[in-house]
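This is what each chain is made of:
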Amino acid sequence: MNSDKITKIFLYTFSFIVLIVAGGMVFSLVGGSIPAFKTFGINFIFSKDWNPTEGKESYGALPFIAGTLTTSFLALIICFPLSFATSLFLGEYYKGKRVAKVIGTMVDLLAGIPSIVYGLWGFYVLRPFLIDLGMENQGFGVLTSSLVLAIMIIPYATSLSTEIIHMVPNPLKEAAYSLGATKMEVIFNVTVPAARSGIFAGYILAFGRAIGETMAVTMLIGNANVLPDKFFGPGNSMASVIANQFGEADGLKLSSLIAIALLLFLITGIINGVGKMIIKKMD
Amino acid sequence: MQAYTEIDNSKARSSKNKVFQYMVIAFSVITISPIVLIIYKLIAEGYKQLSFRFITENTPSTFEAMTAIQNNELIPGGIANGIVGTLIMVLMASAIAIPVGMITGVFLYENQGKRYANFTRNISDILQGVPSIVLGLISYMWIVKNVTNGFSALAGSVALSIMMVPMIVRSTEETLKMIPIAIKEAGLALGVPYYKVILRILIPTGFSGLFTGILLAISRVIGETAPLMLTALGSSVINTNVAKPTSAIPLLIWEFYNDPNMIGLIWSSSLFLMIIVLILNTVSKQIMAKRNK
């Protein structure tokens, strides 16, 4: 066998590791969650019981699914005006200017802050601030988590939107300017329509990020295993229930936590898949 | 003429335009304010604790911390056990993830457009989106349960390495794609074996890009807490046995946060972690800027 062939086989073998890890992950998650699904059936997803008392153990994932989705959606809504404005600032108004570089670097830095530091900041700075505003008495809950999540996903939403807005061909915009359009009209009638699927994909990917966030949410959501009934009330998310309850878990409880991890894996997989598909369609 | 003046709304349009621009600027300022506020808080509350002692001594016991607080002194000790643990785990994770990620990246680059390669790329992208806590749980099931029979640094490294691989795969492929194909073809035309083309031409040419990708991947995993809670667990002394529970800087922050006596240490530990992340980010940015020149 010549060396070229060996090299090729070598490369193939390594690429296979990625597939084995991904496949093994699905296999282990499914295998680990079988006891939970066997005991509770499909009801596991729709039940809101979370009762670890021995003898009448009953686990349901609904409060956590609801908690994850509400915090992430709310974070997305809060994040949208901020990151959309920032991507216009970077990609349109101050394109190529020094100030855009500085702001861009700072936005990137947001992505570098560890989740636990966001959690600390949310706990010691944002939470007292919200209490002072009189919005919440405890300061824990869906709203506090969503605010911090929104800050955390801003860099992901912003960087893709900025890139896409940057790529809108200049002649398109110049044609509108020459007809007398103002900058704002160009943005809403030319730039945004041309870039909309990319911007949309950016927000989908940011949403996927928010769903998987663990530490910051764990520190701020209040960790109450109930359906979040109002924006200011405490709740729990899928990722944070795993982080919180894992320590004392075995048997059926551990299996239920693994089942929640499987659901989390599927949800983020689908969301990221949709986002990537939209990006691919644009090329 | 009359009709014209009636539909001339250019003044209103231009003021709307101005208002919108101010809104964009205002919202952008709001967007970057958290980074300023967070870094300010870290420095303001954390600088007092930062000292040589802080990086060379182990974490104090709750009792020591309590006594120090009662005597109005700085909490003694530091986070050496966390620093060493983070170092061990990040190094081990890199040792696993860099070869796998880079070789897979080269494979994807060499097999552009092929079905199997596209499939692998998609799987790698999906892996990148998997929440870190799920990776922690996976590593718990694989390594903690079956290999080290207990919480261990090895399990932590495996979780971190699964996070790093997709990032390195992507950065490797993107970097190699930017290398002019003529350089590679020149090598092949001279009869250089395939593996030498990769090792002697592609990798050296793209070195700065590959290195940047690795640094960014490290800066992403160095602050990870959730997967380590499920795998490395933590330890109050320096531990170099990779099969035993080991601490890490983010794990220590979590412990301090949960212990009322140790609260005084959270900001300095976070500041220290943030400085490392900032250095990694700045270095990689510098390298990238140099390359683009």
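Residues numbered from 1 in each chain as written. Chains lettered and ligands numbered in written order. Predicted model: local features only at pLDDT ≥ 70, side-chain atom pairs only at ≥ 80, totals over all residues.

## Looking at the overall build of chain A
Scanning chain A from terminus to terminus reveals 11 helices and 2 strands. From first element to last, N terminus to C terminus, chain A shows the α and β order α-α-β-β-α-α-α-α-α-α-α-α-α. Across its three principal axes, chain A shows a C-alpha extent of roughly 75 × 75 × 30 Å. The proportion of buried residues among the 283 residues of chain A is 49%. Taking the intrachain contacts of chain A between residues at least 6 apart in sequence as the baseline, contacts between residues at least 24 apart amount to 72%. (Helix = DSSP H or I, 4+ residues; strand = E, 2+ residues; numbered from the N terminus. Buried ≥ 20, exposed ≤ 12 C-beta atoms within 10 Å, placed from the backbone. Contact = placed C-beta atoms within 7 Å.)

## Describing the overall build of chain B
Looking only at helices and strands, one finds 14 helices and 0 strands in chain B. Listed N to C, the secondary structure of chain B is α-α-α-α-α-α-α-α-α-α-α-α-α-α in terms of helices and strands. Since a compact globule built from 293 residues should have a radius of gyration of about 19 Å, the 25 Å found for chain B marks it as more spread out than a globular shape. Its C-alpha atoms put chain B at 85 × 70 × 35 Å along the principal axes. Relative to its full complement of 293 residues, chain B shows a buried share of 48%. When contacts within chain B are restricted to residue pairs at least 6 apart in sequence, long-range pairs at least 24 apart make up 73% of them. (Rg over C-alpha atoms; globule rule 2.2 N^0.38 Å.)

## Looking at helix H7 (residues 132-146) of chain B
Two residues of an α-helix separated by three or four positions point the same way, owing to the 3.6 residues in each turn. With 15 residues, H7 of chain B should reach 21 Å at 1.5 Å per residue; the first-to-last C-alpha distance of 20 Å fits that figure. Taken as a whole, H7 of chain B carries its principal kink of about 35° at Tyr140 of chain B. A large share of H7 of chain B lies buried, amounting to 12 of its 15 residues. Turning to H7 of chain B, its buried residues number three or more, namely Ser132, Ile133, Val134, Leu135, Gly136, Leu137, Ile138, Ser139, Tyr140, Met141, Ile143 and Val144 of chain B. Considering only its buried residues, H7 of chain B is in contact with helix H1 (3-40), helix H8 (183-212), helix H10 (238-245) and helix H11 (251-282) of chain A together with helix H8 (153-178) and helix H12 (226-229) of chain B. (Expected span 1.5 Å × (residues − 1). Bend = angle between axes of the 7 residues up to and from the residue.)

## Some details on the interface of chain A and chain B
Often, the extent of an interface is quoted as the loss of accessible area upon association of its parts. Each partner contributes to the interface: chain A provides 59 residues, whereas chain B provides 62 residues. Those elements that place two or more of their residues in the side of chain A that touches chain B are H1, helix H3 (62-93), helix H4 (98-112), helix H5 (115-133), helix H6 (142-167), H8, H10 and H11 of chain A. Here the side of chain A that touches chain B takes 15 residues from H1 of chain A, the largest share from any one element. Per-class residue counts for the side of chain A that touches chain B are 39 nonpolar, 17 polar and 3 charged. (Nonpolar A, V, L, I, M, F, W, Y, C, P; charged D, E, K, R; others polar.)

## Looking at the packing of helix H6 (residues 115-129) of chain B against H8 of chain B
All names here are of chain B. Packing of H6 against H8 leaves a shortest axis separation of 8 Å and a crossing angle of 135°. In terms of axis orientation, H6 runs oblique to H8. Seen from above, H6 lies across H8 with left-handed handedness. Residues Ser124, Asp125, Leu127 and Gln128 of H6 form the contact with H8, whose own contacting residues are Ile162, Val165, Pro166, Met167 and Val169. (Axes fitted to C-alpha atoms, helices over the stretch in contact; angles between N-to-C directions. Parallel < 35°, antiparallel > 145°, perpendicular 65-115°, else oblique. Left-handed = near helix turned anticlockwise from the far one by under 90°.)

## Quick word on the nonpolar core
With 169 residues, the main nonpolar core has Ile153, Ile242 and Ala261 of chain A as its most contacted residues. Excluding residues within four positions of it along the chain, Ala261 of chain A makes contact with Leu29 and Ile242 of chain A together with Val134 and Leu137 of chain B. (Core = buried A, V, L, I, M, F, W, Y, C linked by C-beta atoms within 7 Å.)

## A look at unusual backbone geometry
Residue and element names in this part refer to chain B. Positive phi values are uncommon outside glycine, yet Asn72 reaches one of about 60°. Positionally, Asn72 belongs in the loop between helix H4 (62-70) and helix H5 (80-110). Of the residues examined, Asn72 has 6 C-beta atoms within 10 Å and is grouped as exposed. Even without a glycine there, the phi angle at Leu233 is positive, about 70°. Residue placement: Leu233 occurs in the loop between H12 and helix H13 (249-258).

## A look at the confidence of the model for chain A
In this model, chain A carries an average pLDDT of 91, and 98% of its residues clear a pLDDT of 70 or more. Looking across chain A, the model is least confident in strand S1 (residues 50-51) of chain A, with a mean pLDDT of 86, and most confident in H3 of chain A, with 95. (pLDDT = per-residue confidence, 0-100.)

## Observations regarding the confidence of the model for chain B
Averaged over every residue, the pLDDT of chain B is 92; residues scoring 70 or more account for 97%. The complex model carries a pTM of 0.94, and its ipTM stands at 0.94.

## Describing the packing of H1 of chain A against H6 of chain B
For the pair H1 of chain A and H6 of chain B, interaxial distance at closest approach is 10 Å and the crossing angle is 50°. When the axes of H1 of chain A and H6 of chain B are compared, the pair comes out oblique. In the packing of H1 of chain A onto H6 of chain B, the handedness of the crossing is left-handed. Residues Ser15, Val18, Leu19 and Ala22 of chain A of H1 of chain A form the contact with H6 of chain B, whose own contacting residues are Thr120, Ile123, Ser124, Ile126 and Leu127 of chain B. In terms of residue class, the contact of H1 of chain A with H6 of chain B is made up of 6 nonpolar, 3 polar and no charged.

## Brief notes about the environment of Ile287 of chain B
All names here are of chain B. As for its placement among the helices and strands, Ile287 is situated in helix H14 (residues 266-292). A tally of 16 C-beta atoms within 10 Å means that Ile287 is categorised as partly exposed. Each C-alpha atom of the pair Ile287 and Asp125 lies 25 Å from the other, and the pair is 162 residues apart in sequence.

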